[in-house]
Amino acid sequence: MNLLSSIDATELPVTALDGDEFWYKDAIIYQLHVKAFADSNNDGIGDFAGLTEKLGYLQDLGVTALWLLPFYPSPGRDDGYDIADYGAINPDFGTMKDFRRFIVEAKRRGLRVITELVVNHTSDQHDWFKRARRSDPKSSARNWYVWSDTDQKYAGTRIIFTDTEKSNWTWDPEAGQFYWHRFFSHQPDLNFDNPRVVSALVQVMKRWLDTGVDGFRLDAIPYLCERAGTNNENLPETHAVIRTLRAELDAYAKGKVLLAEANQWPEDVQEYFGRGDECQMAYHFPLMPRIYMAIAQEDRFPITDILRQTPDIPGNCQWALFLRNHDELTLEMVTDVERDYLWSTYANDPRARINVGIRRRLAPLMDNDRRKIELMNSLLLSFPGTPIIYYGDEIGMGDNIYLGDRNGVRTPMQWTPDRNGGFSRADPARLYAPTIMDPVYGYESVNVEAQSRSLSSLLSATKRLISVRKSTLAFGRGTMTFIRPVNRSVLAYVRQYQDEVILCVANLSRSAQATELDLS
Ligand code: NOJ
Ligand code: CA
């Protein structure tokens, strides 16, 4: 239930009255993959009908918005971020009718829906790319992607998927040229210097706005434009494209939000808010690994230090906070020394490492220590920004580092101790991915049904934290002031919004700590 709807409107402070426009500041977002959530037709793949049946669970959990990972037709070589058709539903997940029903049911339960707008690249199976590669090099069809006769252009641009890619260029024999890609070689980058590309993506955005979605996560947003002699990230031309998308969004539908996926330092991410005229939200990538660092070192410094360096952002903007997601726990935004420390602390097994990060879920990262998991969640839900909970982390699901790529953190949701964890009645061999079956994290021990019956379960604890978060606007909108007791394993901060003042105190160490707080 939305907090605002439970309060008599006449009691609301003026800023909260127009608060609906800023719904994303008070939101609690739950991130999920349709494929992984619930399988209604028992073909081994989760679908929209299955997800719709589970909306009651999400409403009861208390989250207020859902972020759905890509659900469009795709060869599935980057879990759907390789889109072959922006305008349709992947038939494995259902039909457009199923999607519309899902939206109606989500709205009926007060849940907003954020979807993916993967603007930087398409699949090489997208019609735009097929047309481009077979067209004349000088034609406007070819010009939808970024081509070159040499793979030496734009040298000095880093490679992101260091484990799989050796170059940002791939030779296309059909086109007789190299094409540019910041991610997998099957994901050619669109050419944002071509106004037709921008208008095509605006049309895609409007198409999904028409279905009632409330916002878009803009995937891989720093890499839209390329310019010789730069590192091809965060270019002014890229920001101009985002401003266009935002202006089109606002003109077409009010109150919808853009969420920037920019894995960059705070001063660079800040640019994606623009003057409040680019994205309303952006992930705080540098904060995330420092929360893990603080817990490991039992020292608040990594957190206070990065938040001190975090610039103020425009009034209509908001940080998006997360502990884990569908990707590796990225360590790009830490120093080399910090990265080595985090790798050796949290990913001693080399199989747990991928690219510049760690492919593990929250519970295994915390060694399944309930108190640490709750501490992490309490920080997530009380820091300034909008929290995002990754599906399954509310029950402490485990992972499978023996699956390829990042698939080990994308296994089926664990509902019951029954076959396939209640995710599907299909033969286990048919599932899109094996369920977690080990004795600690397997669905027989970790599942929603069991945890719903116990008030002391992690699920119940997560629900309580969510409801505390929703009891005040201070967490989503308030200021944060640190109190700095001498004992650095104590992290103490005040969140304040209008007349409400909340003191938060976290003990980052594994043992009891004595401290004095100066509350003057
Ligand atoms: C960011 C997404 O989060 C990730 O899963 C994907 O592999 C890359 N973008 C490339 O699309
Ligand atoms: Ca299915």
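Coordinates for the structure precede this section.
Residues numbered from 1 in each chain as written. Chains lettered and ligands numbered in written order. Predicted model: local features only at pLDDT ≥ 70, side-chain atom pairs only at ≥ 80, totals over all residues. Heavy atoms only, no water.

A. Local environment of the overall build of the protein. Within the protein, the regular secondary structure consists of 17 helices and 17 strands. For 520 residues, the compact-globule estimate of 2.2 N^0.38 gives 24 Å, and the protein sits close to it at 23 Å. Each principal axis of the C-alpha atoms in the protein carries an extent, and together these give about 70 × 55 × 55 Å. Across the 520 residues that make up the protein, the buried fraction comes to 61%. If you sum the accessible surface of the protein, you get close to 20,500 Å²; carbon and sulfur atoms cover 50% of it. Taking the 59 positively charged and 71 negatively charged side chains of the protein as two groups, their mean positions are separated by 2 Å. (Helix = DSSP H or I, 4+ residues; strand = E, 2+ residues; numbered from the N terminus. Rg over C-alpha atoms; globule rule 2.2 N^0.38 Å. Buried < 20%, exposed > 50% of the residue type's maximum accessible area, 1.4 Å probe, protein only. Areas by Shrake-Rupley, 256 points an atom, 1.4 Å probe, with all protein chains shown as cover. Lys, Arg positive; Asp, Glu negative; His and termini not counted. Charge placed at Lys NZ, Arg CZ, Asp CG, Glu CD.)

B. Main features of the packing of aromatic side chains. Counted by the stated rule, this structure contains 38 aromatic pairs. With a centroid separation of 4.5 Å and 40° between ring planes, the pair formed by F71 and Y72 is classed as tilted. Take F71: its relative accessible area is 0%, and that puts it in the buried class. The class for Y72 is buried, based on a relative accessible area of 2%. (Phe/Tyr/Trp six-rings, centres within 6.5 Å; stacked < 30°, edge-to-face > 60°.)

C. A look at the pattern of salt bridges. Under the defined criterion, the tally for this structure stands at 35 salt bridges. Note that R410 is salt-bridged to D79, the shortest N-O span being 3.5 Å. Note that R410 is positioned in the loop between β14 (386-390) and α15 (448-452) and D79 in the loop between β2 (65-68) and α5 (96-108), a separation of 331 residues in sequence. Ionic pairing is found between E261 and R217, a salt bridge with its closest N-O pair at 3.4 Å. Within this pair, whereas E261 is found in the loop between β8 (257-260) and α9 (266-270), its partner R217 is found in strand β7 (residues 215-218), the two being separated by 44 residues in sequence. Taken as a pair, E261 and R217 share a single burial class, namely buried. Among the charged side chains, a salt-bridge network with shared partners connects K35, D78, D79, D327, D405, R406 and R410. (Salt bridge = Lys/Arg side-chain N within 4 Å of Asp/Glu carboxyl O.)

D. Quick peek at the nonpolar core. Counting residues in hydrophobic clusters, the biggest one holds 153 residues, and the most contacted among them are Y30, L58, F102 and Y292. Top contributing element to this core by residue count: helix α7 (residues 195-210), with 9 residues. If you count residues domain by domain, this core takes at least three from each of domain 1 (127-180) and domain 2 (478-520). Not counting chain neighbours up to four residues away, the residues in contact with F102 comprise F48, L51, T52, L55, L66, L68 and V113. Listed in part, the 6 residues of the second largest apolar core include F183, F184, A220 and Y223. (Core = buried A, V, L, I, M, F, W, Y, C linked by side-chain atoms within 4.5 Å. Domains from an automatic or database assignment. Contact = heavy atoms within 4.5 Å.)

E. Broad picture of helix α8 (residues 236-252). If you check α8, its first and last C-alpha atoms are 24 Å apart, about what 17 residues at 1.5 Å a residue would give, namely 24 Å. Within the sequence span of α8, burial applies to T238, H239, V241, I242, L245, R246 and L249. One side of α8 carries all its buried residues, which in axial view fall inside an arc of 155°. Every exposed residue of α8 that faces more than 90 degrees away from the buried side is listed here: P236 and A251. (Expected span 1.5 Å × (residues − 1). Arc of directions from axis to C-beta.)

F. Spotlight on the coordination of the calcium ion (ligand 2). Every protein donor of the calcium ion (ligand 2) is accounted for by D39 (OD), N41 (OD1), D43 (OD), I45 (O) and D47 (OD), and the metal-donor separations fall at 2.2 to 2.3 Å. Between consecutive donors of the calcium ion (ligand 2), the numbers of intervening residues give the motif D-x1-N-x1-D-x1-I-x1-D. Comparing D43 with D47 shows no difference in burial state: the two are buried. (Donors = N, O, S within 2.8 Å, 3.2 Å for Na, K, Ca; no water.)

G. Main features of the layout of surface pockets. The computed volume of the largest pocket comes to approximately 630 Å³. Lining the largest pocket are 27 residues, with D312, I313, P384, G478 and T479 positioned closest to its centre. Contributing elements (two or more residues each) for the lining of the largest pocket: α11 (301-308), β10 (318-322), α17 (474-477), β15 (479-483) and β16 (490-497). Looking at the lining of the largest pocket residue by residue, the class counts come to 11 nonpolar, 9 polar and 7 charged. (1 Å grid on protein atoms, 1.4 Å probe; cavity = no way out; pocket = protein on both sides within 12 Å on 5 of 7 lines; lining within 4 Å. Points joined across faces, edges and corners; volume = space filled by probe spheres on them. Nonpolar A, V, L, I, M, F, W, Y, C, P; charged D, E, K, R; others polar.)

H. Fine view of the site of ligand 1. Ligand 1 sits among 13 residues. The nearest are D78, H121, D219, H326 and D327. At a separation of 3.0 Å, an oxygen atom of ligand 1 approaches a polar side-chain atom of R217. Take D219: an N or O atom from its side chain is 2.9 Å from a nitrogen atom of ligand 1. Within the complex, the protein chains bury 98% of what would otherwise be the 290 Å² of accessible surface of ligand 1. Of the residues contributing to the shell around ligand 1, the split by class is 3 nonpolar, 3 polar and 7 charged. (Near = heavy atom within 4 Å. Polar contact = N/O pair within 3.5 Å; in protein donor to acceptor, adjacent residues only side chain to side chain.)

I. The arrangement of the packing of helix α10 (residues 287-297) against α11 in detail. Between α10 and α11, whose axes approach to 7 Å, the crossing angle comes to 155°. It follows from the interaxial angle that α10 and α11 lie roughly antiparallel. Here α10 contributes L287, R290, I291, M293, A294 and Q297 to the contact with α11, which in turn contributes P302, I303, I306 and L307. Of the residues in the contact of α10 with α11, the class split is 8 nonpolar, 1 polar and 1 charged. (Axes fitted to C-alpha atoms, helices over the stretch in contact; angles between N-to-C directions. Parallel < 35°, antiparallel > 145°, perpendicular 65-115°, else oblique.)

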